[in-house]
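# Fold and contact review
So the chains spell out like this:
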Amino acid sequence: AQKEGDNNDVVVPKMPTFDYSPPPYTGPSAEEILSKRKQYLSPSLFHFYNKPLNVVDGRMQYLFDETGRRYLDAFGGIATVCCGHCHPDVVDTIVNQTKRLQHSTVLYLNHAISDFAEALASKLPGNLKVVFFTNSGTEANELAMMIARLYTGCHDIISLRNAYHGNAAGTMGATAQSNWKFNVIQSGVHHALNPDPYRGVFGSEGEKYAKDVQDLIQFGTSGNIAGFISEAIQGVGGIIELAPGYLPAVYSTIKKAGGLCIADEVQAGFARTGSHFWGFEGHGVVPDIVTMAKGIGNGIPLGAVVTTPEIAEVLTRRCYFNTFGGNPVCTAAGLAVLKVIEKEKLQENAFVVGSYLKERLTALKDKYNLIGDVRGRGLMLGVELVTDRKLQTPAKLETLHVMDRMKEIGVLVGKGGFYGNVFRITPPLCFTKEDADAMDYTLAKM
Ligand code: PLP
């Protein structure tokens with residue numbers, strides 16, 4: 001967003017003071033690690049930056065490289081670190097549980113698992129009381145879709161264009177962006193028009209998009225379906241808030257067609273949107289199945305599916321379990337995360353700081369034509385860059401360039417959207433107004 005005549009020398013923003021110095025680093029250099037990564041890790045792994053960062057330490061909303069340099073982590077490990085990197089309460093819980101019992105199987109009892117299940121159920125509305133733990137968001141969505149199919153006896157599922165729900169056989173079908181799909185998967189998923197207020201054909205008129213779901217059911221299925229899956233705010237898709245009125249109208253259509261409504265809360269859940277604990281609550285709907293991962297473990301591999309006792313019953317038809325899902329170290333961490341969110345009022349913080357940052361970013365949009373849209377809720381914000389506002393031409397190269405420059409001066413953001421031109425701002429929920437100032441200042445100077 002450099003203005004004509006501006007000096008190109010970026011002044012490094014004043015970062016808030018932070019009382020932590022990482023211990024000296026004695027490991028291999030970034031170059032050595034990169035060379036091993038190229039040789040031994042899958043070539044499918046990508047990185048955002050020309051020169052990826054060697055991350056050595058993390059504390060709360062900050063990451064540190066091998067020289068001890070501090071970076072503001074405004075991406076939060078892809079919306080995953082919710083209460084802060086290495087939060088002391090979470091770390092202590094993990095260490096204590098690991099010393100006592102590192103693994104147990106579903107054959108035995110362990111309170112770390114049932115206590116967290118009880119705590120999760122208490123955060124959900126209605127009769128969403130039965131929890132099944134998984135290891136990731138993909139696995140949670142696979143299970144949710146299977147449950148919907150078993151319960152209804154139908155195969156057809158509807159998801160939204162531009163959605164991301166994971167990358168295994170079933171979820172890749174529900175994911176609806178060509179760059180995330182391999183075309184060998186036959187999925188039984190129909191993709192509805194995305195109720196995207198910025199790029200969608202009906203703007204913010206949620207009910208008009210909802211009609212497309214009716215059409216899909218009427219003309220693309222037998223009339224009965226297994227279910228509908230959607231995020232409340234699309235994350236990977238570029239922080240897209242579903243148009244108002246859409247979800248209530250679609251939920252009612254899905255129920256009429258005998259389907260179950262699945263809320264994918266992998267990114268938008270766990271207090272991130274600030275106004276509510278779950279993203280779907282912001283739309284005034286109650287799903288039949290809720291899936292979650294990412295923030296639930298603050299970075300520890302953990303996911304979950306929660307549904308009603310009546311629906312959960314379908315899983316008793318066969319043996320269904322997985323080896324690691326509900327590992328006591330992970331579930332103990334999950335309970336610690338919930339307690340930190342409550343103790344430190346992180347949901348309220350996400351609301352206050354997120355609203356403040358959104359205001360600042362919106363003010364930047366008024367100043368710089370490169371910013372086409374600013375959106376999102378709480379600490380799940382998106383800034384879409386375009387080279388032409390009227391044509392909404394994605395500013396792909398500019399996005400990469402700005403990200404690289406921001407990294408150079410110490411601020412890390414993510415990017416996403418189908419065209420890769422949306423900054424994704426999803427920091428740990430302990431992000432402060434001073435952090436928001438540093439970030440806003442950095443963007444303004446690009
Ligand atoms: N659902 C959503 C909304 C996601 O954003 C993601 C990952 O980014 C997933 C599901 C898949 O989760 P995981 O990467 O843990 O498999």
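Here, residues in each chain are numbered from 1, in the same order as that chain's written sequence. Selection of residues for local features in this predicted model requires a pLDDT of at least 70, selection of side-chain atom pairs for listing and counting requires 80 or more, and totals for whole chains, interfaces and linings are taken over all residues.

Per an unreviewed UniProt entry, the protein chain goes by the name alanine--glyoxylate transaminase and belongs to Theobroma cacao. Quoted straight from UniProt, the Sequence similarities (unreviewed entry) entry for the protein chain says "Belongs to the class-III pyridoxal-phosphate-dependent aminotransferase family." UniProt positions are given in the numbering used here, feature names are shortened, and annotations may be inferred rather than shown by experiment. Recorded in UniProt under Catalytic activity (unreviewed entry), the annotation for the protein chain is "glyoxylate + L-alanine = glycine + pyruvate".

### Some remarks on the environment of Val81
Numbering of helices and strands runs from the N terminus; a helix is a DSSP stretch of H or I covering at least four residues, while a strand is a stretch of E covering at least two. Assignment of secondary structure puts Val81 in the loop between helix 2 (76-79) and helix 3 (88-100). To assign burial, the other C-beta atoms lying within 10 Å of each residue's own C-beta are counted, with C-beta atoms placed from the backbone; 20 or more indicates buried, 12 or fewer indicates exposed, and intermediate counts indicate partly exposed. Given 29 C-beta atoms within a 10 Å radius, Val81 is considered buried. Sequence spacing of Val81 and Gly299 is 218 residues, and the spatial spacing of their C-alpha atoms is 5.5 Å.

### Some words on the sheet that holds strand 5 (residues 157-160)
For two strands to be treated as a pair, DSSP must find at least two bridges joining them. Read across the open sheet, the seven strands follow the order 4-12-11-10-7-5-6; overall the sheet is mixed. The sheet is open, and its two borders are formed by strand 4 (130-134) and strand 6 (189-192), each paired with just one other strand. Taken over all neighbouring pairs, the strand axes of this sheet differ in orientation by 20 degrees on average, direction set aside. In this sheet, strand 7 (residues 227-231) lies alongside strand 5 in parallel orientation, the contact comprising three bridges. Considered in strand 7, the bridge of Ser159 is made with Ile229. Lines fitted to C-alpha atoms define the axes here, with helix axes fitted over just the stretch in contact, and angles between the N-to-C directions of these axes take values from 0 to 180 degrees.

### Some details on the confidence of the model for the protein chain
pLDDT: the predictor's confidence for each residue, scored from 0 to 100. Across the protein chain, the average pLDDT comes to 94, with 97% of residues at or above 70. Scored below 50 in pLDDT, residues 1-7 shows eight contacts in the model against residues more than four places distant or in partner chains. Predicted complex metrics record ipTM = 0.99 and pTM = 0.96. Any pair of residues counts as being in contact when their C-beta atoms, constructed from backbone geometry, are within 7 Å of one another.

### Digging into the site of the ligand
Residue proximity rests on one test: whether the C-beta atom, placed from the backbone, lies within 6 Å of the molecule or strand. Among the 14 residues in the neighbourhood of the ligand, the closest are listed as Ser136, Gly137, Thr138, Gly166 and Val266. The leading source of residues in the shell around the ligand is helix 5 (residues 137-152), at three residues. The residue makeup of the shell around the ligand, split by class, is four nonpolar, eight polar and two charged. Side-chain classes follow a simple rule in which Ala, Val, Leu, Ile, Met, Phe, Trp, Tyr, Cys and Pro form the nonpolar group, Asp, Glu, Lys and Arg form the charged group, and the remainder, Gly included, forms the polar group.

### Focus on helix 3
The span one expects for a helix is its residue count, reduced by one, times 1.5 Å. The terminal C-alpha atoms of helix 3 lie 18 Å apart, and with 13 residues this matches the ideal 18 Å at 1.5 Å per residue to within 8%. Turning to helix 3, its buried residues number three or more, namely Val90, Thr93 and Gln97. Along helix 3, the residues classed as buried sweep out an arc of 65 degrees about the axis, all on the same side. Exposed residues pointing more than 90 degrees away from the buried face of helix 3 are listed as Pro88, Asp92, Val95, Asn96 and Lys99. By arc we mean the arc of the directions from the helix axis to the C-beta atoms, nothing more.

### Things to note about the sheet that holds strand 16 (residues 411-412)
With mixed pairing, the four strands of this open sheet are ordered in space as 1-2-3-16. Each edge of the sheet is formed by a strand with only one pairing partner; in this case those strands are strand 1 (55-59) and strand 16. Relative to strand 3 (residues 70-73), strand 2 (residues 62-65) is paired through three bridges, and the arrangement is antiparallel. By the bridge assignment for strand 3, Leu63 is matched with Tyr71.

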